[in-house]
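Listed below, chain by chain, are the residues.
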Amino acid sequence: MLDQKPSSLAARPSHAPPDHPALPPRRIGVLLANLGTPDGYDYWSMRRYLNEFLSDKRVIDYPAWKWQPLLQTVILTKRPFSSGANYKLIWDEERGESPLLTITRNQTEALRDALAARFGDAVTVDFCMRYGKPSTAEKVAEMVAAGCDRILFFPLYPQYAGATTATANDQFFRALMAERWQPAARTVPAYFDHPLYVEALARSVETAYAALPVRPQKLVTSYHGMPVRYHLSGDPYQCQCQKTTRLLRERLGWEKDAVDVTFQSVFGPEEWLKPYTVEHVAVLARQGIRNIAVMAPAFSADCIETLEEINGEIRHAFEEAGGETFTYIPCLNDEAAHIAALEAIVAENLAGWVA
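What you see as residue numbers is a count from 1 along each chain, following the sequence as written. Per-residue local features of the predicted model are confined to residues with pLDDT of at least 70, and side-chain atom pairs are confined, for both listing and counting, to 80 or more; whole-chain, interface and lining totals are unaffected and use all residues. Side-chain metrics rest on all non-hydrogen atoms present in the structure, leaving aside hydrogens and water.

Draft legend 1. Summary view of the pairing of strand S7 (residues 291-295). Here's how the labels work: a residue is buried when its accessible area is under 20% of the maximum for its type, exposed when over 50%, partly exposed in between, all with a 1.4 Å probe on protein chains only. By the criteria applied, helices consist of DSSP H or I runs no shorter than four residues and strands consist of E runs no shorter than two, each listed in order from the N terminus. Counted residue by residue, S7 has 5 buried out of 5 residues, so it is predominantly covered. Of the two faces of S7, the one holding Asn291, Ala293 and Met295 and the one holding Ile292 and Val294 are both buried throughout. Strands are treated as partners if at least two bridges between them are detected by DSSP. Where strand S5 (residues 218-224) lies against S7, 4 bridges are found, and the strand directions are parallel. What sits directly across from Thr221, in S7, is Met295. Where S7 lies against strand S8 (residues 325-328), 4 bridges are found, and the strand directions are parallel. Counted as the bridge partner of Ile292 is Phe326 from S8. Running through helix H11 (residues 304-320), the crossover from S7 to the neighbouring parallel element S8 is right-handed. Handedness of a crossover is defined as follows: orient the strands so they point away from the viewer, and if the path from the first strand over the helix to the second runs clockwise, the crossover is right-handed.

This is the structure:
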């Protein structure tokens, strides 16, 4: 949430006539964006969330006449039950929310403190979700009402993909269209090769390995998948994933065969980027590699794809194939090195707006 109420600070400009509306002080907004989360794991909450997500043309680009009947009559009849069961496994019952929402809020608060120490009260920080709540439109409207005449929009996706970064930006631009007095706007580009991001990843690996009684024989970097067709159409995601892993390996000082790149979360009948994580870890186990670690560099915060898919389904596939020790290395979340990286990226993209 914004740290100050616009109504308490708004005032009529000193040189303006008496009937001029009160205006809040000029400010700069930094709006973080993540994928989103359902309001609950019950059928209707899951259906609303999945309908919004799977109706996004950036995510599923089939013609509406072909896709929507299948989505509405088949997929959204069954999938809310299975997805809801998976969310229930990771749901924070005390808070009444998913870990992604909790972690994104914590990241926002930590970044807000860091930027306040750096820039004072000139910059305000908040977060939104592409799907679900808090919505992008809601948060843009709040920032404009609070006096933000410049907004830096920051999709929390290190690697660019049309189905993640681009659709988040799309929603931001749609929100700007609703504003009578539009703020100036910037979007943060992909930061897959930013030195501080790579450093944060490397530290997370070193910290995890230092606590293990047996060193993993292989590190698997598992990225969210995408259809091969998207890659062949020009999406740079796969190349950026490969570079992130290469830079991580080089920073760790490891040999090339010590780290593998894989892709998870396959959906639908198309061929997706390979190798598939769930299959690859089973192959490793059958090859005699009994101890592995898995991390997910494409996710800025732990979520259903990491806490349930990696640490559940993928772990199970490895152990069923004969694997012995499976270590999941958590996402960067609100670790200090990650917040320092985000702070640096924001500062670089605010150049010219703040001293």
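Draft legend 2. Structural detail: the UniProt feature "binding site: Fe(2+)" (unreviewed entry) in the chain. As recorded in UniProt, the feature "binding site: Fe(2+)" (unreviewed entry) lies at His224 and Glu305. Across 82 residues in sequence, these annotated residues keep their C-alpha atoms within 8.2 Å of one another, forming a single compact spot. Given a relative accessible area of 25%, His224 falls into the partly exposed group. Any pair of residues with heavy atoms lying within 4.5 Å of one another is described as a contacting pair. If sequence neighbours within four positions are ignored, His224 has contacts with Tyr237, Phe263, Gln264, Ser265, Trp272, Ala298, Phe299 and Glu305. Its location among the elements puts Glu305 in helix H11. Apart from residues no more than four positions distant in its own chain, Glu305 is found in contact with His224, Gln264, Ser265, Phe299 and Ile310. UniProt positions are given in the numbering used here, feature names are shortened, and annotations may be inferred rather than shown by experiment.

Draft legend 3. Spatial organisation of the environment of Thr327. With respect to the helices, strands and loops of the structure, Thr327 is situated in strand S8. Classification of Thr327 as buried rests on a relative accessible area of 12%. Here Thr327 is in contact with Leu212, Ile292, Ala293 and Val294, once residues within four sequence places are set aside.

Draft legend 4. Region of interest: the pattern of salt bridges. Counted as salt bridges are all cases of a side-chain nitrogen of Lys or Arg within 4 Å of a carboxyl oxygen of Asp or Glu. According to the stated counting rule, one finds 17 salt bridges in the structure shown. In this structure, the salt-bridge partner of Arg95 is Asp92, at a minimum N-O distance of 3.5 Å. Of the residues examined, Asp92 reaches a relative accessible area of 26% and is grouped as partly exposed. When the shortest N-O distance is used, the salt bridge between Lys139 and Asp126 registers 3.3 Å. Of this pair, Lys139 sits in helix H5 (residues 136-145) while Asp126 sits in strand S2 (residues 123-132), and the two are 13 residues apart along the sequence. Like Lys139, the residue Asp126 is buried in the burial classification. Because the salt bridges share partners, they merge into one network encompassing Glu199, Arg203, Glu206 and Arg251.

Draft legend 5. Representation of the domain arrangement of the chain. Domain boundaries shown here were taken from an automatic or database domain assignment. Annotation of the chain at the domain level lists domain 1 (43-90) and domain 2 (195-328). Computed from C-alpha atoms alone, the centre-to-centre distance between domain 1 and domain 2 is 26 Å. With 13 residues of domain 1 at the contact, the number on the domain 2 side is 8 residues. Carbon and sulfur atoms supply 64% of the area buried between domain 1 and domain 2, which totals about 820 Å² over both sides. Here the quantity called buried area is the accessible surface, traced with a 1.4 Å probe, that two parts lose on coming together, added over both.

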